[in-house]
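Structural overview for review
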Amino acid sequence: MAKFEYAPAPESRAIVDLKPSYGLFINGEFTDSEGGSAFKSISPSTEEVLAEVTAASEADVDRAVVAARRAFNGAWGRMSGADRGKYLFRIARILQERAREFAVLESLDNGKPIRESRDVDVPLAAAHFFYHAGWADKLDFASLGSNPRPHGVVGQVIPWNFPLLMLSWKIAPALATGNTVVLKPAETTPLTALLFAEVLQQADLPPGVVNIVTGAGATGQAIVDHPGVDKLAFTGSTGVGKMIARSIAGTRKKATLELGGKAANIIFDDAPIDQAVEGIVNGIFFNQGHVCCAGSRLLVQESIADEVDRRLKRRLSTLRVGDPLDKNTDVGAINSRAQLERITELTAAGEAEGATRWEAECELPSKGFWFRPTVFTGVSQTHRIAQEEIFGPVLSVLTFRTPHEAVAKANNTPYGLSAGVWTEKGSRILWMADQLKAGVVWANTFNKFDPTSPFGGYKESGYGREGGRHGLAAYVTTGDTK
Ligand code: NDP
């Protein structure tokens, strides 16, 4: 099917006012590092340098934890829930007011299409603050247990796939429950977190309640190891999650870990095929497949496999890959050279192990990091592309004959974050949801997020939930105060 030619529709980047360099946000102010170094944040779609950012040292992390402790013992700790809620409402409203600025900056720094940063990331980030603002003065009625109280200082480390959204998943519940925060954004996507620090200043949040320290893995490790941190919240790879679990074993630190996934998107022969094809596309090509709950394994019932294959490839041939700031773009840039290399290596392994590779035809820009939407058929369960998280726009297709076989194959993974089921039969949806070992099961849809709905994994996808009432539980301790 031919692609229509569209005139370019670029979103202007003039709304973003980037500084040449950024310090660390500690105790309500941007400050220079003590003994840290600097690194550059680049645009993955053009490789241009966007800004120079500070790599926080252990001494900087210590200053941030001290500031967070002071705020916890001071004004923030004494504040009523209703007053904390007012700050959260204020932050949410400022995020809405500055939504376009955030969306453009997110697309520049991360490479995701402006359509997604504008319509998904930024509105959902604001929604998380609105939702948690409502809880701040109602914690006694949230069935969390008796006398819910904050842990104290929370250390938070987030990945690069949804920089602002993951920040809001972390900061909103922490503040609603009365904790203070030291957060590290990912090395390749620090800029919206630094813009968010400006929002905190605009909202007049008391100094030290939220501290943002940029840097790489070593800065994250310094937060994890700091004895002044009471609770950790991490989203990222299973490998680093395991390291964190090991480092805090034997300490009194609490942790929630949101790790990888290898979700099955399961299409039964009674599913509406065109809708299912849209769900498959949304499941794995949304955000270039850089999604922990991505539907990266398609399980399709054998009797409709050829039909789904034909319609899916036709649909993928219409996707527009390119400039993230163009409003026509469906698939943007891969976030970093390192991630592109990882996707390239895993897809080469897919071919070497005998699966059949298909790529959508499209021209890729000459600069930046790009990967064509790719589908592997003839995949067997032992292939690396069926077992490992690729975290890119790559779909592995397997088939099944019976619901029991679908369940067995879907659960045959070390992960257990999410799954999708496409069928006309409500009873089958309920039966499948019961059998699938996944924290979230979507029925006749995929990748739907809502702050009221808890999200989290089984097995090597981590533990703890984020969002909803269950997400609040991770940020409080309950029972007697003695
Ligand atoms: P990481 O798990 O390394 O990164 C997540 C966050 O942890 C980043 O802020 C990172 O900092 C930080 N970090 C790294 N090392 C440590 C440490 N020792 N202690 C504390 N924090 C640390 O993921 P990658 O970016 O390396 O991605 C690798 C793979 O992980 C991807 O290919 C993908 O498969 C998977 N992944 C899964 C995600 C998910 O949501 N499930 C999200 C991101 C990645 P820095 O960015 O500076 O390295």
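Here we summarise the structure given alongside this text. Everything quoted here is computed from the prediction, not taken from an experiment. (Residues numbered from 1 in each chain as written. Predicted model: local features only at pLDDT ≥ 70, side-chain atom pairs only at ≥ 80, totals over all residues. Heavy atoms only, no water.)

Glancing now at the sheet that holds strand 1 (residues 21-22). Strand order across the open sheet formed by 3 strands is 1-5-4, with mixed pairing between neighbours. Of all strands in the sheet, those bounded by a partner on one side alone are strand 1 and strand 4 (37-42). Helix 7 (residues 191-202) rests against strand 1, strand 4 and strand 5 (49-55) of the sheet, and its axis sits at about 75° to strand 5. (Pairing = 2+ DSSP bridges. Helix = DSSP H or I, 4+ residues; strand = E, 2+ residues; numbered from the N terminus. Contact = heavy atoms within 4.5 Å. Axes fitted to C-alpha atoms, helices over the stretch in contact; angles between N-to-C directions.)

This part takes up helix 8 (residues 217-225). Taken together, the buried positions of helix 8 are occupied by T219, G220, A222, I223 and V224. On its buried face, helix 8 is in contact with strand 5, helix 1 (58-73), strand 7 (153-157), strand 8 (180-184), strand 10 (231-235) and helix 9 (238-248). (Buried < 20%, exposed > 50% of the residue type's maximum accessible area, 1.4 Å probe, protein only.)

Between helix 8 and helix 9, the shortest axis-to-axis distance is 10 Å and the interhelical angle comes to 30°. As helix 8 packs across helix 9, the resulting crossing turns out to be right-handed. Residues Q221, V224 and D225 of helix 8 lie in contact with helix 9, whose contacting residues are M243, I244, S247 and I248. Each residue belonging to the contact of helix 8 with helix 9 can be placed in one class, and the counts come to 4 nonpolar, 2 polar and 1 charged. (Left-handed = near helix turned anticlockwise from the far one by under 90°. Nonpolar A, V, L, I, M, F, W, Y, C, P; charged D, E, K, R; others polar.)

Another aspect to go through is empty space enclosed by the protein. Within this structure, the stated rule accounts for 4 cavities of 30 Å³ or more. If you add up the space inside the largest cavity, you get close to 90 Å³. If you trace the largest cavity, you find it lined by V120, L124, F162, L165, M166, W169, F286, V291, C292, C293, F449 and F455. The set of elements that each furnish at least two residues to the lining of the largest cavity consists of helix 5 (114-135) and helix 6 (163-176). The biggest single contributor to the lining of the largest cavity is helix 6, with 3 residues. The residue makeup of the lining of the largest cavity, split by class, is 12 nonpolar, no polar and no charged. (1 Å grid on protein atoms, 1.4 Å probe; cavity = no way out; pocket = protein on both sides within 12 Å on 5 of 7 lines; lining within 4 Å. Points joined across faces, edges and corners; volume = space filled by probe spheres on them.)

With that settled, consider the environment of L183. Within the fold, L183 resides in strand 8. For L183, a relative accessible area of 0% gives the class buried. Residues L183 and K170, spaced 13 residues apart in sequence, show a C-alpha to C-alpha distance of 8.6 Å.

Let us look at the pairing of strand 13 (residues 297-301). Along strand 13, 5 of the 5 residues are buried, which leaves the element largely enclosed by surrounding structure. Covered by surrounding structure in strand 13 are R297, L299 and Q301 together with L298 and V300, the residues of both alternating faces. Taken together, the 4 bridges between strand 12 (residues 264-267) and strand 13 define a ladder with parallel strand orientation. Bridge pairing links N265 to L298 in strand 13. With respect to chirality, the unit in which strand 12 leads through helix 10 (residues 273-285) into the neighbouring parallel strand 13 is right-handed. In this structure, strand 13 lies alongside strand 16 (residues 394-400), joined through 5 bridges in parallel fashion. Residue L299 lies in a different strand from strand 16, and its bridge partner there is L398. (Right-handed = clockwise from strand over helix to strand, strands pointing away.)

Within strand 16, 6 of the 7 residues are buried, leaving the element largely enclosed by the surrounding structure. Note that strand 15 (residues 374-377) and strand 16 share 3 bridges and pair parallel. Among the inter-strand pairings, V375 is bridged to a residue of strand 16, identified as L395.

This brings us to the layout of surface pockets. If you add up the space inside the largest pocket, you get close to 820 Å³. In terms of lining, the largest pocket is formed by 36 residues, of which the most central are W160, F234, G236, S237 and V240. Counting only elements with at least two residues in the lining of the largest pocket, the list comes to helix 8, strand 10, helix 9 and helix 12 (337-352). At 5 residues, helix 9 tops the list of elements feeding residues into the lining of the largest pocket. Residue composition of the lining of the largest pocket, by class: 16 nonpolar, 14 polar and 6 charged. Estimates place the volume of the second largest pocket at around 420 Å³. Of all elements in the fold, only helix 5 and helix 10 reach the threshold of two or more residues within the lining of the second largest pocket. Taken together, the residues of the lining of the second largest pocket sort by class into 8 nonpolar, 4 polar and 7 charged.

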